[in-house]
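Results of the structural survey
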Amino acid sequence: MANCIIAQSGGPTSVINSSVVGLLEANNTLGTFNKVFAGLNGIEGILNGNIIELSSFSQEEINNFRYTPSSGLGSCRYKMKKLEESTEEYDKLLEILKANDIKAFFYVGGNDSMDTTAKLSAYAKKTGIDIKFIGIPKTIDNDLMYTDHTPGFGSAAKFIATSVLETYLDSSVYINNGIFILETMGRDTGWLASAAALAQLNGKQVADFIYLPETAFDIDKFLIDVKNKFEEQNQVYIVVSEGIRTAEGKFVAEAHAQAHDKFGHAQLGGVGNYLKNLIISSGITSRVKSLELGVLQRCAMHCASNIDIEEAYEVGYEALRQASLGKCGYMIGIKRESNTPYKSSYFLIEADKIANNVKYFPTEWINEEGNNLKAEVLEYLSPLVSSVPSVISSLPMPVFKVFNK
């Protein structure tokens, strides 16, 4: 009986390891493969021979791994060359897989990972090599096409909404309160920033303004809106995505981007602080605070959504099931069947349709002023945010397990 391998790529999420456990337990149930291997640090690690036998670990270790945030197998941002440029890496990888009698490769990742999955599938088919390649979705950005949402997003949304609510209360304790700016991740889309709409007190949204990349950001209008709101209520709470752009398409934070990743994406951040300085220099008030949530958005297991953990598990399970049926070159998508009660199902979508595409936040859910959201976003977001799993909340300190250390 042949073996399979799974690896993780790109930015982590709180629930990414649950997908690995779902796949592992699917194999325990279906008995499709003899051994389940894991590549440490993604494609890059496999090319370097960093492979472990995941199916050899104890059930206790696997259970702890499921509720461990971030990429417990390690990750990478390794971009393989285009096939027309060179097949050397592809040949080397396939030789490593064949040497370990691997007949199925599962890649947990986002847009770029699905591009890799599609390329490997096409090359294996072209060269007549019988190895199945299946993509398992993950990204807190929620920007993969065709799938209703991505595993990792629900937990990030829960953390962001909770942080908005808590920091709103913290910033509201004085007679003379100031202006608070909370910055979320989201280079291309506003899904993460939109989660702020879930933060409500006495049935009212606490964020006065929410700015997304899908609407052109006008600095002059922003300052007028903030000034008027501050004069009206002596307090303003602002949520802004790191990826907001001007009408010319330039990142507001681009001047502050210090680096780019291997895929050429600008490493953004700092737009909240930039807006803070704008407000102060405009004379509205000097009482301005800015908070950049940073990587907590993708590793806050203490604030994870149980539904998110379960769906991450299920897409891993479904990936192995589909490989056992001979499927290759696909990603597992999530279909929303109903909101009340919330119900989802899983389907196959070609990985090359996901690659190099972006699912943007619907502009029809943004108000005409471009500074807040409509009620429709709550219908979309609310079912994805559920309670923290009891296995986490009942412990004084979490017990985590990783395999890449």
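For the structure, check the block above.
The following refers to the structure shown.

Conventions used here
Residues numbered from 1 in each chain as written. Predicted model: local features only at pLDDT ≥ 70, side-chain atom pairs only at ≥ 80, totals over all residues. Heavy atoms only, no water. Helix = DSSP H or I, 4+ residues; strand = E, 2+ residues; numbered from the N terminus. Expected span 1.5 Å × (residues − 1). Buried < 20%, exposed > 50% of the residue type's maximum accessible area, 1.4 Å probe, protein only. Arc of directions from axis to C-beta. Contact = heavy atoms within 4.5 Å. Axes fitted to C-alpha atoms, helices over the stretch in contact; angles between N-to-C directions. Parallel < 35°, antiparallel > 145°, perpendicular 65-115°, else oblique. Left-handed = near helix turned anticlockwise from the far one by under 90°. Nonpolar A, V, L, I, M, F, W, Y, C, P; charged D, E, K, R; others polar. Core = buried A, V, L, I, M, F, W, Y, C linked by side-chain atoms within 4.5 Å. Phe/Tyr/Trp six-rings, centres within 6.5 Å; stacked < 30°, edge-to-face > 60°. Salt bridge = Lys/Arg side-chain N within 4 Å of Asp/Glu carboxyl O.

1. As for helix 4 (residues 88–99)
In a regular helix each residue adds 1.5 Å, so 12 residues correspond to 16 Å; helix 4 covers 16 Å between its end C-alpha atoms and thus fits that length. Three or more residues of helix 4 are buried, namely Glu89, Tyr90, Leu93, Leu94, Ile96 and Leu97. Relative to the axis of helix 4, the buried residues are bounded by an arc of 155 degrees and lie together on one face. For helix 4, exposure combined with an orientation more than 90 degrees from the buried face picks out Glu88 and Ala99. Packed against the buried residues of helix 4 are strand 1 (3–8), helix 2 (42–47), strand 3 (51–53), strand 4 (102–109), helix 5 (111–127) and strand 5 (132–137). Looking at the residues trailing helix 4, positive phi occurs at Asp101, about 55 degrees.

2. Looking at the packing of helix 1 (residues 16–30) against helix 10 (residues 306–324)
Running from amino to carboxyl end, helix 1 crosses helix 10 at an angle of 45 degrees, the nearest separation of the two axes being 7 Å. Considering the angle they form, helix 1 stands oblique to helix 10. Where helix 1 crosses over helix 10, the two elements pack in a sense that is right-handed. Within the contact between the two elements, helix 1 uses Ser18, Ser19, Val21, Gly22, Leu23, Glu25, Ala26, Asn27, Thr29 and Leu30 and helix 10 uses Ile309, Ala312, Tyr313, Val315, Gly316, Tyr317, Leu320 and Arg321. Broken down by class, the residue content of the contact of helix 1 with helix 10 amounts to 10 nonpolar, 6 polar and 2 charged.

3. A closer look at the nonpolar core
Formed by 36 residues in total, the largest nonpolar core has its most connected members in Phe153, Val164, Ile210, Tyr237, Val239, Phe361 and Leu373. Among the secondary structure elements, those contributing two or more residues to this core are helix 6 (153–170), strand 6 (179–184), helix 7 (191–194), strand 10 (236–241) and helix 12 (376–381). When residues of this core are assigned to their parent elements, the largest contribution, 7 residues, is made by helix 6. Those residues in contact with Ile210 that sit more than four places away from it in its chain are Ala193, Ala196, Ala197, Gln205, Val239, Gly370, Asn371, Asn372 and Leu373.

4. Comments concerning the packing of aromatic side chains
One pass over the full model with this rule turns up 18 aromatic pairs. For the ring pair Phe180 and Tyr237, a centre distance of 5.3 Å and an interplane angle of 15 degrees mean the geometry is stacked. With Phe180 in strand 6 and Tyr237 in strand 10, this pair connects stretches of sequence that are 57 residues apart. The buried category is assigned to Tyr237, whose relative accessible area is 0%. An aromatic cluster of at least three residues, connected via ring pairs, comprises Phe153, Trp191, Phe361, Trp365 and Tyr380.

5. Topic: helix 1
Look at helix 1: 22 Å from first C-alpha to last across 15 residues, which is about the 21 Å you get at 1.5 Å a residue. Here helix 1 lies mainly inside the structure; 12 of its 15 residues are buried. Along helix 1, the positions that sit buried rather than exposed are Ile16, Asn17, Ser18, Ser19, Val20, Val21, Gly22, Leu23, Leu24, Glu25, Ala26 and Asn27. Close packing links the buried residues of helix 1 with strand 1, strand 2 (36–39), helix 3 (59–66), strand 4, strand 5 and helix 10. Of the residues flanking the end of helix 1, it is Gly31, one or two places downstream, whose phi is positive at about 65 degrees.

6. Let's talk about the pattern of salt bridges
In the structure shown here, the tally under the stated rule is 13 salt bridges. When the shortest N-O distance is used, the salt bridge between Glu231 and Lys227 registers 2.7 Å. With Glu231 and Lys227 both in helix 8 (residues 219–233), this residue pair falls 4 residues apart, about one helical turn. Classification of Glu231 as exposed rests on a relative accessible area of 55%. On the accessibility criterion, Lys227 (39% relative accessible area) is partly exposed. Connected via shared salt-bridge partners are Arg187, Asp188 and Arg245.

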